[in-house]
Structures are given as C-alpha cells and as structure tokens.
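# Fold and geometry: a report
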Amino acid sequence: MQVIFDPDIPEDLKKDILKAIEEENMELCKECGANVIYVAMIDNTLDVKCYECGGSFFEIELSEE
C-alpha cells in the first residue's frame, strides 16, 4: 500500500504511524478496493483512511507526554 501523509503531520511521527499501519495488516480498502492510504491530522487525532473513497480504517489519538 502507498501511504500519503497530511502536510501537518510532523516528520518524527511518520515512522510510528507506518508501523501502526503495518500492524493492522491492511492491504486494500474494504469499501472500494483501493490501495492508497491517507493519514490526516484532526486536532490531536490521526485519521487513517482510504485516499480514494475516504472510508476510515482506524484513528489514533495522540497524547502529550
């Protein structure tokens, strides 16, 4: 799968996000069959969704340390 990141996502988070996506074993969107993932940041939540249809795969809530 190809992963496209929202420009607002910091570079230091991208490696961890890719690891989380790999752990989910996603291959194709169940709704449309596309193989491109878009990761968007909304407030403190990362939305991992299909780039083609917008169907959400999962969300990751970020917490401050």
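See above for the structure.
Residues numbered from 1 in each chain as written. Predicted model: local features only at pLDDT ≥ 70, side-chain atom pairs only at ≥ 80, totals over all residues. Heavy atoms only, no water.

### Points about the sheet that holds strand S1 (residues 2-5)
Taken in spatial order, the 4 strands of this open sheet run S1-S2-S3-S4, and their pairing is mixed. Across the chains shown, the open sheet's two edge strands, defined by having one partner strand only, are S1 and strand S4 (56-61). Neighbour-to-neighbour, the strand axes of the sheet open up by a mean angle of 20 degrees, direction not taken into account. Summarising the sheet, strand S3 (residues 45-50) and S4 pair through 5 bridges and their orientation is antiparallel. Its bridge partner being in S4, Thr45 is matched across the sheet by Glu61. This element, helix H1 (residues 11-23), spans S1, strand S2 (36-42), S3 and S4 of the sheet and lies at about 140 degrees to S1. (Pairing = 2+ DSSP bridges. Helix = DSSP H or I, 4+ residues; strand = E, 2+ residues; numbered from the N terminus. Axes fitted to C-alpha atoms, helices over the stretch in contact; angles between N-to-C directions. Contact = heavy atoms within 4.5 Å.)

### Notes on H1
Taken residue by residue, H1 has Lys14, Ile17, Ala20 and Ile21 as its buried positions. End-on, the buried residues of H1 take up no more than an arc of 125 degrees, which puts them together on one face. Opposite its buried face, H1 presents the exposed residues Asp12, Lys15, Lys19, Glu22 and Glu23, each directed more than 90 degrees away. Summarising the contacts, the buried residues of H1 are in contact with S1, S2, S3 and S4. One or two positions beyond H1, positive phi appears at Asn25, with a value near 50 degrees. (Buried < 20%, exposed > 50% of the residue type's maximum accessible area, 1.4 Å probe, protein only. Arc of directions from axis to C-beta.)

### With respect to the pairing of S2
Most of S2 sits inside the fold, with 5 of its 7 residues counted as buried. For S1 and S2, the ladder comprises 4 bridges, and the chain directions are parallel. Bridged to Gln2 within S2 is Val36. Traced from S1 through H1 to S2, the parallel crossover comes out left-handed. Inspection of the sheet shows S2 paired to S3 by 6 bridges, in the antiparallel sense. Residue pairing in the sheet places Ala40 in a bridge with Asp47 of S3. (Right-handed = clockwise from strand over helix to strand, strands pointing away.)

### Observations concerning the pairing of S3
Adjacent in sequence and paired antiparallel, S2 and S3 are bridged by 2 residues, among which Asp43 carries a positive phi angle near 55 degrees. Connecting S3 to the antiparallel partner S4 that follows it, the hairpin turn spans 5 residues, and Gly54 within it adopts a positive phi of roughly 85 degrees.

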